[in-house]
Amino acid sequence: MRREDLAGARAVVLFAAEHDLGYGYQPEWHWDLDRMVETYVDNPRQAMFVATDATGAVVATAAIRVGGPNVPPHPEELGRRYADRQAVAQLLRVATLPEHRRARLARRLVAACQEFVRDDGGFRVIYLHTNTRVPAAEPFWRSLPVVEIRDDRDEERDPRFATVHFELPLETVISGRADRHAVPD
């Protein structure tokens, strides 16, 4: 991601939070969007990838951060499973503007994230979760070589969420690759 892509990437993720998830900006969940340079540019083990349209506007995003799910709100079982947080790459911020969906952008960005994690060499697993109430989210993830770890749809305490947790094996290959842009100093 280039520095000039930061504002566009933030806007795409927040659009998805508002329109797809229905809850908008939440500081406890979206803190990384307020500190994108330190989170995704200055930290060599974390990255955000973007897809741009012909005008250079960001239209899709995907990111990798060190560490698994936060406990709470996620179940303690997941905290134990991902206790070695430095070995866990969390795939998140996968968002595509509606007019650019079905163009394989998210798939290519996820492939770039997976390649980034493999190249790092210090991660043992890629963890992700999805809210199945978002249209097409669960079918998208299940179209990839993910392994379901836990289905919390029946156990959710918060009616806004229906979460399924997955791992994306490091050794699998996802077709479609996006380039990671170097960030100028």
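Here the structure is a predicted model, which means the values were calculated and not measured. Numbering of residues starts from 1 in each chain and follows the order in which that chain's sequence is written. Per-residue local features are limited, in this predicted model, to residues with pLDDT of at least 70; the limit for side-chain atom pairs, both in listing and counting, is 80 or more; totals at the level of whole chains, interfaces and linings are taken over all residues. Side-chain metrics rest on all non-hydrogen atoms present in the structure, leaving aside hydrogens and water.

## Overview of the environment of Ala106
- Labels follow the DSSP assignment, with helices taken as runs of H or I lasting at least four residues and strands as runs of E lasting at least two, numbered in each case from the N terminus. Locating Ala106 in the fold gives a position in helix H5 (residues 105-120).
- Two residues form a contact once any of their heavy atoms are found within 4.5 Å. For Ala106, the residues in contact, after removing those within four places along its chain, are Val94, Thr96 and Phe140.

## What about the pairing of strand E3 (residues 88-96)?
- Only protein chains enter the accessibility calculation, which uses a 1.4 Å probe; a residue is then buried when its area is under 20% of its type maximum, exposed when over 50%, and partly exposed in between. When you tally the buried positions in E3, you get 8 out of 9 residues, the bulk of the element.
- Paired strands, in this sense, are two strands between which DSSP finds at least two bridges. Where strand E2 (residues 58-66) meets E3, 6 bridges bridge the pair, whose relative direction is antiparallel. Bridge pairing in E3 places Ile64 opposite Leu91.
- Bridge count for E3 against strand E4 (residues 125-131) is 3 bridges, and the pairing is parallel. If you follow Val88 over to E4, its bridge partner there is Val125.

## Some words on the confidence of the model for the protein chain
- The predicted model of the protein chain has a mean per-residue pLDDT of 90, with 90% of residues at 70 or higher.
- Within the model, pLDDT remains below 50 along residues 177-185, and this stretch shows 23 contacts once partners closer than five positions in the same chain are excluded. Across the chain, each position has a pLDDT score giving the predictor's confidence in that residue, from 0 to 100.

## Thoughts on the sheet that holds strand E5 (residues 147-151)
- Reading across from one edge, E1-E2-E3-E4-E6-E5 is the order of the 6 strands in this open sheet, with mixed pairing throughout. In this open sheet, the two edge strands, each paired with only one partner strand, are strand E1 (47-52) and E5. Averaged over all neighbouring strand pairs, the angle between strand axes comes to 25°, with direction disregarded.
- Fitted lines through C-alpha atoms give the axes, limited to the stretch in contact for helices. The angle between two N-to-C directions lies from 0 to 180 degrees. Lying on the sheet, helix H1 (residues 6-20) is in contact with E1, E2 and E3; it crosses E2 at an angle near 90°.
- This element, H5, spans E1, E2, E3, E4 and strand E6 (163-168) of the sheet and lies at about 25° to E2.

## What about H1?
- The span expected for a helix works out to 1.5 Å for each residue beyond the first. Taking 1.5 Å per residue, 15 residues should reach 21 Å; H1 reaches 21 Å between its end C-alpha atoms and fits that length.
- Listed as buried for H1 are Leu6, Ala9, Val12, Val13, Leu14, Ala16 and Ala17.
- Taken together, the buried residues of H1 touch helix H2 (31-34), helix H3 (36-41), E1, E2 and E3.
- Just downstream of H1, Gly22 is the residue with a positive phi angle, here 85°.

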